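Observations on the three-dimensional arrangement
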Amino acid sequence: MPQKTIGVLTSGGDAPGMNAAVRAVVRSALKHDYKVFGVYRGYNGLIKCEMVDMSIRMVSGIIHRGGTLLRTARCPEFTTEEGMQKAKENCMDIGIECLVVIGGDGSFKGGRDIAERGIPVIGIPGTIDNDIQCTEYTIGFDSAMNTAMEMIDKLRDTTQSHYRCSVIEVMGRHAGHIALHTGIACGASYIIIPEIKYEIGIIVEKIKLAQRLGRKHFIVLVAEGIGNVTEIAALLENATGVESRATILGHVQRGGNPSVRDRVFASQMGYHAVKLIEEGKVNRVVGLQSNRVVDFDIHEALSMKKEFDHELYNIADEIAF
Ligand code: ADP
Ligand code: F6P
């Protein structure tokens, strides 16, 4: 008889490092003699009962790989009472006593809802956006930023050769963390993010001032959701006379091998999730605060507010010319 039976799934947008988290959950759980079911395609797999009994070897050779071997999905059916009841019944039939959900805050809301219906959960933050309230860091953020940075470096070469302005959109749904960090790392002249109100006139003035100081090429970084980058590029070109091009980096930011940081944090968080289950502490979300792995009650985690790093934004603004 296994000590316990748990399930693990990845949900929402995938993120580099999710595999490392799944690996850590499976390996730690098997060490405790648990039975572990890998659930395919997020909450879809719970509803459709697409799950596999995981062995140690099934998570071999995945720590360095992007994507998620369990696949992922968005599952509208899970937001309905009927869908959730179906998922609950399947968990009960299989004997899943706790579900480890690796995903973003949408996935945690789903986790909270199924926990309220009797299936305990542990959440592990996995999203490139770093927009989860209770944690300073989400799995995938570092890798996505490095991917964006590499591509922006390439764009900078051609932007510089042509004395142009590149207006570049990075991912982040409703959050500007990727834009802010890569903007600093790539020396962007201006960073447009949802957390800070922007005026095109101010960006124009900043570009004109930099022109007077001899600058001939410009990078403007824009977080997804702000607006149409082609329109922003056209506005800037008209107002400054600098030929402008728009680029959307898109889903390439979600792929690729995870960075060291993502592999290590994912491993720590996966381990911590199983430790919580072992200690009987469930319905919690794992997070990182001051480089330490911590955990919060799932309701508290979802009601917290993430502080935006205004100081970092001011630094970016101050040193970009
Ligand atoms: P992420 O986890 O990356 O934020 P989503 O917001 O798309 O991604 O959420 C992933 C899945 O979690 C959804 O497809 C849905 O199945 C579930 N989910 C999201 N929001 C809720 C909610 N309010 N209640 C129940 N389930 C939800
Ligand atoms: O949540 C991660 C994220 O990459 C967001 O930055 C983006 O808005 C969203 O996923 C796009 O998701 P998809 O195209 O997979 O629906």
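Predicted model only: the values in this text are computed from it and were never measured.

**Concerning the site of ligand 2**
Near ligand 2 you find Arg74, Thr127, Ile128, Asp129, Met171, Gly172, Arg173, Glu224, His251 and Arg254, and these make up its full shell. Residue Glu224 places a side-chain N or O atom 2.6 Å away from an oxygen atom belonging to ligand 2. The separation between an oxygen atom of ligand 2 and a polar side-chain atom of Arg254 is 2.8 Å. Alone, ligand 2 offers 400 Å² of accessible surface; in the complex the protein occludes 77% of this.

**Considerations on the packing of aromatic side chains**
Across all of its chains, the model carries three aromatic pairs by this definition. Plain terms: the ring middles of Tyr137 and Phe265 are 5.0 Å apart, the flat faces sit at 55° to each other, and that makes the pair tilted. One end of the pair, Tyr137, is in the loop between strand E5 (121-125) and helix H5 (141-161); the other, Phe265, is in helix H9 (residues 260-278), with 128 residues separating them in the sequence. The same class applies to Tyr137 and to Phe265, which are both buried. Members of the aromatic cluster, connected to one another through ring pairs, are Tyr137, Phe141 and Phe265. Against the face of Tyr163 rests Lys216, its NZ or CZ located 5.8 Å from the ring centre.

**Considering the site of ligand 1**
Not every one of the 16 residues close to ligand 1 is listed here, only the nearest: Arg74, Cys75, Gly104, Ser107 and Arg173. A distance of 2.6 Å is found between an oxygen atom of ligand 1 and a backbone nitrogen or oxygen belonging to Cys75. In this structure, an oxygen atom belonging to ligand 1 sits 2.5 Å away from a side-chain N or O atom of Ser107. For the shell around ligand 1, the class distribution of residues is three nonpolar, eight polar and five charged.

Conventions adopted
Residues numbered from 1 in each chain as written. Chains lettered and ligands numbered in written order. Predicted model: local features only at pLDDT ≥ 70, side-chain atom pairs only at ≥ 80, totals over all residues. Heavy atoms only, no water. Near = heavy atom within 4 Å. Polar contact = N/O pair within 3.5 Å; in protein donor to acceptor, adjacent residues only side chain to side chain. Areas by Shrake-Rupley, 256 points an atom, 1.4 Å probe, with all protein chains shown as cover. Phe/Tyr/Trp six-rings, centres within 6.5 Å; stacked < 30°, edge-to-face > 60°. Helix = DSSP H or I, 4+ residues; strand = E, 2+ residues; numbered from the N terminus. Buried < 20%, exposed > 50% of the residue type's maximum accessible area, 1.4 Å probe, protein only. Lys NZ or Arg CZ within 6 Å of the ring centre and 35° of its normal. Nonpolar A, V, L, I, M, F, W, Y, C, P; charged D, E, K, R; others polar.

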